[in-house]
Every structure is written in C-alpha cells, then in structure tokens.
Amino acid sequence: MANIRYTRNLFLRGMSVVYLFAFASLYVQIPGLYGKNGLLPAENQLDSKASALAARIHTKPTLLWLAPYVGLDTEYMMDVLTIFGIFLAFTGFVSQKFCTAPTFAALWSLYYSLYQVGQTFMWFQWDILLLEAGFLSILVAPLRYRPISRRRSTPIQAPSDTIAFWLVKWLLFRLMFQSGVVKLTSGCPTWWGLTALTVHFESQCIPTPLAWYAHHLPRWFLKLTCVGANIAEIPLPLLFFVPVRSVRVVAFYIQLFLQVCIILTGNYNFFNLLTIVLCLSLLDDDYFLKKKPQKGASNFWPGLFSKAVTLVVYAALLYGTVVWYSLRITPKNTIESDIAFTRQQFDQALSKAVPLTIYVGLASLGLVIVEAVSTALVESQTFARRAVTVLTTLLYAAAALFIFAISTVPYSTLHPSGNSTVLPAVRTWESRINHLHVTNAYGLFRRMTGVGGRPEVIIEGSNHIDGPWQEYNFLYKAGNVNATPPFVAPHQPRVDWQMWFAALGTYHQNPWLMSLAYRLLNGQPEVLQLLDTSRNPFPNKPPKYIRATLYHYHYTPWTQRSASAWWTRERVGEYFPIFSRDHPPLLEYLRNVKILTDSRKDPTVIPWLKMLLDRLRKLATAVDPAILMWSLFTAGCAIVAGSASSGSRK
C-alpha cells in the first residue's frame, strides 16, 4: 500500500489555505453584496413562514437562521461566519493539529451556509468545487490529531486513508476531463479551429498584464498552445489511474505547469490554487520523502521498468498528439496544427470513453479498497484493534462507493452513452442530496466569447438628462483604456466578475444590475466600496440619472504598447436606458424581484458585538483585498517557518 500520510497532510494544509482565501475574499464584500442596502440583501433569502427553527433549516439549510438567537441580524451573522471561517482556516494552515475532520466539517458548513444566500454572486464553478473538495476533506482528515511517534520519521497511516484520498483523485479527473470535453462537445468553432487562445487572453474576465503579451504571441504558437491545453485536459487525465507512480508524477508536472500559466495570465481567484491542491492526489510520500534504500534491497530493476513504462506511455501520447492534431513543421520553422478528427469521430470516441472511464474508476477504487482491507487484516496486532481498523476501513469503503456512485450521475451527462451505466437507484440518491453539492458537473469555457471584441458594460451618471455623462470606474475590470490590468488573485471581486457575464447578455437577464443602478443613484456607501472610490465621478452627491453603454474592447496592437493605453474600444450602443432614483418602473421591478422590500423592524443587534464587528471590518477594509489575503498567507508562512525551526532545534 502506497504511503500517502505526509501527502495527505499537505493536501489538508493546502485546503486550509484555499478556505482562508475564499472566506477572506468574501468577507470584505459582504456589506456591498448582501447588506441591507447591498445589491442582493441576504435577509430577503431568509423569508420563511415557518416558525420552528428546524423547519426553517430544512427549507434552506444555513447557519444564518441562528442570527436572532445570538443577537445579530443577517448581515452581521455573515460577518461572524466568515470571520470564524478565516480563523479555522488559518489555524489549519499554521498547524497540522487543527487539520481534523471536525475542523473541515465546520469549514464546509460555514461556506455552505454562505453559499445558500450567495445568489448569483456565488454561482461559480469554483464555489461548488470548493464545496465538493471541502466535503471530501472531511473524509480525508483524521478524526483527531495524532503526533508523530519518535520512532517514526513519518506519521502512522491508517488503511482507510488511501480510500478517502482516492476520491480526491477522482474529483481531479472529473474536473479536468469534463472541462476539456465540453469545449469540443459545445461545437465552438474557436476550439475546433484551435484559435480559442487567440481570443481568450483578450476576452477573459480579469486579465493580468502578462495576458496582453500572451495575446500577441505568434498565431501558430497560440494554436499549438491550444493543442497542449486539449491534451492536458482530455487524454492526460486518463493517466491519473495508471498504477506506475512515475507516470502520475509526470502528469502532475504537466497539470501544475498548466495551472501556473493560467495564474500568470488570468485572475481566477482561488480556483487554480484549489486545482493544484487537488493535484497532490497524484503523488505519494515517496515523492516528498526521499528514503535511502535498505541494505540488500535493489531498486534498479523496478526503477528501470517504471522509467521504461513512463517513456512508452508519454511517447504514445506524443505520437497521438501529432496524429490527432496533424502537427507539422513548415519551411518557416513554425509548427502548424489542425484537428485531424471529425466531430462524429469525437462523438463516437466519447460514447465509449465515458462508460469506460466509469468502469476504470470503479475498478481502481475496488483495488484500493481490497488493498486497504487486506492491510487492515494483517497490520493490527491485537484482535480488538484489528476489528476496529477493519470496521473503520469498511465504513470508509462504503462511503467512497456511495460518493463514487452518485458522482457518475453528473459525470454521465457528458454523453448519452453514460446514462446506461448509472442505475436508477443511484439517480434517486443523487437527486435527494444534490443541493449539498457533494458531487457536481464541471466544464469551463465551453464556448469562447468576445470573438468580435470583448464586450464591456460601462455605467455612466449625469445630473442632466442630456449630459455630460461621466463614467463609473470599477476596481479591476476593463474600463479606462489606460488602466493597467491588475494582479488580483486569489481575491475574487464578485461584482467585476458579474459585470463580465452581464456584458454577454442583457440587463433583463441580470436583475442585480438594476439594483446596482438604484444604489448608485442613492450614493449607497457600501456599494460604492465595491467600485473605485478614488475615481468616483460624483464624490459629494450621487447623480440624478444613470445609464449603461455597451462597448467592444480590444488590446492595443503590439507596435503601440509604448503608449499608455492597454485597450482600444468602440461604442456598440445602449445597454440599459436612463434611470432616475424615483423612476417608477425601476422601483416596481426591484420590488417584484424582492430586492426592495417593505420596511420591517430590524432585529436588535447586541451593541458591544456590533461595535467589535464594525471595528474589525474597518481594519480589514483599510487595505486592498488582495494585499490583505497575501498578508494573512505571509503571516501563516512565518508561523509555520518559525514552528519548523523551533522543532528542528529540539
């Protein structure tokens, strides 16, 4: 049985860091997003006619129902939940003692409670991915901390550890494989033409400065990079289950390289960091803890066999890449590429791959379970200890089989052929618990947007209906053509992200935009904090009128980068019409979607607790959110380094 206890501990510490970023990022945005005068007041999501607490929790499972019982309103209760989440995540980051199942159960419950009222600002794939990975962390983490024995250089490993950790690898496989497959099943011409990356760096939500340079790379190189992304996401994940460790290690490096490239060119909050943490499931302790071979033992032939298999596997993958994408070197010493298979051929291959991968996953899990049970039967010394270990292993095996079974339901949606492999009873189980997001379907960038230009909604205000109109500036999204694209990850500015999605549709599809217009007309300070207040065109008094205009943005050409502008833009037309603060249709609309409600008595908030929470928020919002999160991370690293050096001196 492979040793994964040290690797598992790294995974749990990594999950703590991701939770830390997720809670801290959300905390600084709560008043503007979910406060009483925010864009989507959270208290409106807790309008239940049931009087009993149990009935309310059954209707919408969230700890926010407890707010009146602790002397808080919904907004301040959200503050408490996020602060508690930051605290638990930070303790798990700095000390392995706190990386236990109860801690991760609390972290999952806190984030799920917030997700329940998060509405459109939390309906992102990385939010549900964190919920699924966080739930698996409960199974992966030990029930209680067990210190390392003086006789051992590594922690003692329980047989059930490998079973729970296998589920992390299965999640990683589904995330990568589904994300790759949906790009081709969507029929998007840019993915089939391998031109997606000639558009992506310009059209993504919040690009970094390096994205401008990546966008101007040679077209043939961007097409070749698109081939590499397809290979990393579709055939490569199949190698996650190869029993040869070196094959998985190479797959880990490839996935790590892909995620680092995405981090450098795009601000995708904690998503890529979470993916890297999941990639740890491809490794084991032998990768991190280089042990000296025992006397008399020879690793030459096993090592040679492992290297030979790895060479053959990746040579075959490289050959397949050349064939599938018709790679060829031109007289100009460039590499041209085109997809050499048809959509019908891909569909036929996928019809076989989806059921096959489910069976391979089941077989892999079965082998892990058999090995774990066998280890439990022979390793324990006393009968009582052996019985407890075997029973615990069987319980983890049952839980793993259940989670694997229900995960096949969203996974099988990749192709109709997968439906035949899912039993009706499994679909019933999945439908009963799908609101918990224990398993999910994934698939990012199904279709590439912004082919004809990056759409951006620019909100403008004026004190006269005929103008002049002045633009509101956001903190991170494209607006001012001279503003440098930022590095903001792992912070996720959720309004900036939703503005990107809103530009892809109409304002009728985004009710929160009307709330934003109304809050700006009222000069609501909580909402203004989500924008760039240093460049507020109406710092003293809000405007009388608000409108929005749609623009198409493009990067400036390579030859013009010496100038101050990063973007060029052209006006497309009106996005939403002129509104005023007392505009009857606007007010009626906001009441219909329950953003504005009739005045009701506010719950009593304990004065001293309110003062404490207000002071904490004032301290947290005094710096840029990204700096705040990296400061927390740096402080955690300093504590970890200090603990390590202190332990080495003992």
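Attention here is on the structure that accompanies the text. Model, not experiment: these values are computed from the prediction.

## Here's the deal with the overall build of the protein chain
A count of helical and extended segments in the protein chain gives 24 helices and 6 strands. Relative to the 2.2 N^0.38 estimate, which gives 26 Å for 650 residues, the radius of gyration of the protein chain is 27 Å and therefore close to what a compact globule would have. Projected onto its principal axes, the C-alpha positions of the protein chain cover 90 × 70 × 55 Å. Burial analysis of the protein chain (650 residues in total) assigns 54% to the buried set. When the accessible surface of the protein chain is summed, it comes to about 30100 Å², and 62% of that surface belongs to carbon and sulfur atoms. Put simply, the protein chain has 57 plus and 34 minus side-chain charges, and the middle of one group is 10 Å from the middle of the other.

## A word on helix H13 (residues 271-279)
Counting buried positions along H13 gives 8 out of 9 residues, so the element sits mostly inside the fold. Considered for burial, the residues of H13 that qualify are Phe271, Asn272, Leu274, Thr275, Ile276, Val277, Leu278 and Cys279.

## Some points on the pairing of strand S3 (residues 454-462)
With 9 of its 9 residues buried, S3 lies for the most part within the structure. Residues Arg454, Glu456, Ile458, Glu460 and Ser462 of S3 are buried on one face, and the alternating residues Pro455, Val457, Ile459 and Gly461, pointing to the opposite face, are buried as well. Across 9 bridges, the pairing between S3 and strand S5 (residues 545-555) is antiparallel. Paired with Ile458 across the bridge in S5 is Thr549. Alignment of S3 against strand S4 (residues 470-471), held across 2 bridges, turns out to be antiparallel. Bridge pairing links Glu460 to Glu471 in S4.

## Describing a nonpolar patch on the surface
Judged by side-chain polarity, Leu210, Tyr213, Val260, Leu264, Phe487 and Trp558 come together as a nonpolar surface patch covering roughly 580 Å² of accessible area. Secondary structure elements with two or more residues in the nonpolar patch: helix H10 (209-215) and helix H12 (245-265). Turning to its location among the elements, Trp558 is positioned in the loop between S5 and strand S6 (567-580).

## Examining the pattern of salt bridges
With the rule as written, the count across this model stands at 16 salt bridges. The closest approach of N and O atoms between Glu233 and Lys183, which form a salt bridge, is 3.1 Å. Pair noted here: Glu233 is in helix H11 (residues 219-233) and Lys183 is in helix H7 (residues 159-185), with a separation of 50 residues, a long-range link. Classification of Glu233 as buried rests on a relative accessible area of 10%. Across the pair Arg454 and Glu456 runs a salt bridge whose closest N-O atoms are separated by 2.8 Å. The two residues Arg454 and Glu456 agree in class, both being buried.

## Some details on the nonpolar core
Judged by nonpolar contacts, the single largest core of 191 residues is most densely connected at Phe11, Tyr19, Ile459, Trp512, Leu513 and Leu516. It is H7 that contributes the most residues to this core, 16 residues altogether. Once residues within four sequence positions are removed from consideration, Leu516 is found in contact with Leu39, Ile459, Phe474, Met499 and Val527.

## Points about H7
Every α-helix winds through 3.6 residues per turn, so residues three or four apart in the chain are directed the same way. The end-to-end C-alpha separation of H7 is 40 Å, in line with the 39 Å expected for 27 residues at 1.5 Å each. Two residues or fewer past H7, Gly187 is found with a positive phi of approximately 75°.

## Observations concerning unusual backbone geometry
Residue Pro468 follows Gly467 across a cis peptide bond; omega there is 5°. Within the secondary structure, Pro468 is located in the loop between S3 and S4. Here the phi dihedral of Gln119 falls at roughly 55°; this positive angle occurs in a residue that is not glycine. Mapped onto the elements of the fold, Gln119 is located in the loop between helix H5 (101-118) and helix H6 (125-140).

## A short note on the environment of Val605
Mapping Val605 onto the fold places it in the loop between helix H22 (584-592) and helix H23 (607-620). Measuring from C-alpha to C-alpha, the distance between Val605 and Phe11 comes to 39 Å, with 594 residues separating the pair along the chain. Setting aside chain neighbours within four positions, we find Val605 in contact with Gly71, Leu72, Asp73, Tyr76 and Lys610.

## What about the side chain of Gln157?
Topologically, Gln157 is positioned in the loop between H6 and H7. A residue is classified by how much of its surface remains accessible, and Gln157, at 14% relative accessible area, is buried. Here Ile4 takes part through its backbone nitrogen, which lies 2.7 Å from a polar atom of the side chain of Gln157. There is a polar contact of 3.3 Å between the side chain of Gln157 and the backbone nitrogen of Arg5.

## Details of the packing of helix H1 (residues 5-27) against H13
Packing of H1 against H13 brings their axes to within 9 Å, and their N-to-C directions diverge by 170°. Between H1 and H13, the angle falls in the class roughly antiparallel. Counted together, Phe11, Gly14, Met15, Val18 and Phe21 of H1 and Leu273, Leu274, Val277 and Leu278 of H13 form the full contact between these two elements.

## Notes on the packing of H1 against H5
H5 packs onto H1 with a crossing angle of 30° between their chain directions and a minimal axis gap of 12 Å. It follows that H1 is roughly parallel to H5 by the angle criterion. In this structure, the crossing between H1 and H5 has a hand that is left-handed. Residues Leu12, Met15, Ser16, Tyr19, Ala22, Phe23 and Leu26 of H1 form the contact with H5, whose own contacting residues are Phe104, Leu107, Trp108, Leu110, Tyr111 and Leu114. Grouping the constituent residues of the contact of H1 with H5 by class yields 12 nonpolar, 1 polar and no charged.

About the thresholds
- Residues numbered from 1 in each chain as written.
- Predicted model: local features only at pLDDT ≥ 70, side-chain atom pairs only at ≥ 80, totals over all residues.
- Heavy atoms only, no water.
- Helix = DSSP H or I, 4+ residues; strand = E, 2+ residues; numbered from the N terminus.
- Rg over C-alpha atoms; globule rule 2.2 N^0.38 Å.
- Buried < 20%, exposed > 50% of the residue type's maximum accessible area, 1.4 Å probe, protein only.
- Areas by Shrake-Rupley, 256 points an atom, 1.4 Å probe, with all protein chains shown as cover.
- Lys, Arg positive; Asp, Glu negative; His and termini not counted.
- Charge placed at Lys NZ, Arg CZ, Asp CG, Glu CD.
- Pairing = 2+ DSSP bridges.
- Patch = residues over 30% accessible without salt bridge, like charges linked within 9 Å, V, L, I, M, F, W, Y side chains within 5 Å.
- Salt bridge = Lys/Arg side-chain N within 4 Å of Asp/Glu carboxyl O.
- Core = buried A, V, L, I, M, F, W, Y, C linked by side-chain atoms within 4.5 Å.
- Contact = heavy atoms within 4.5 Å.
- Expected span 1.5 Å × (residues − 1).
- Polar contact = N/O pair within 3.5 Å; in protein donor to acceptor, adjacent residues only side chain to side chain.
- Axes fitted to C-alpha atoms, helices over the stretch in contact; angles between N-to-C directions.
- Parallel < 35°, antiparallel > 145°, perpendicular 65-115°, else oblique.
- Left-handed = near helix turned anticlockwise from the far one by under 90°.
- Nonpolar A, V, L, I, M, F, W, Y, C, P; charged D, E, K, R; others polar.

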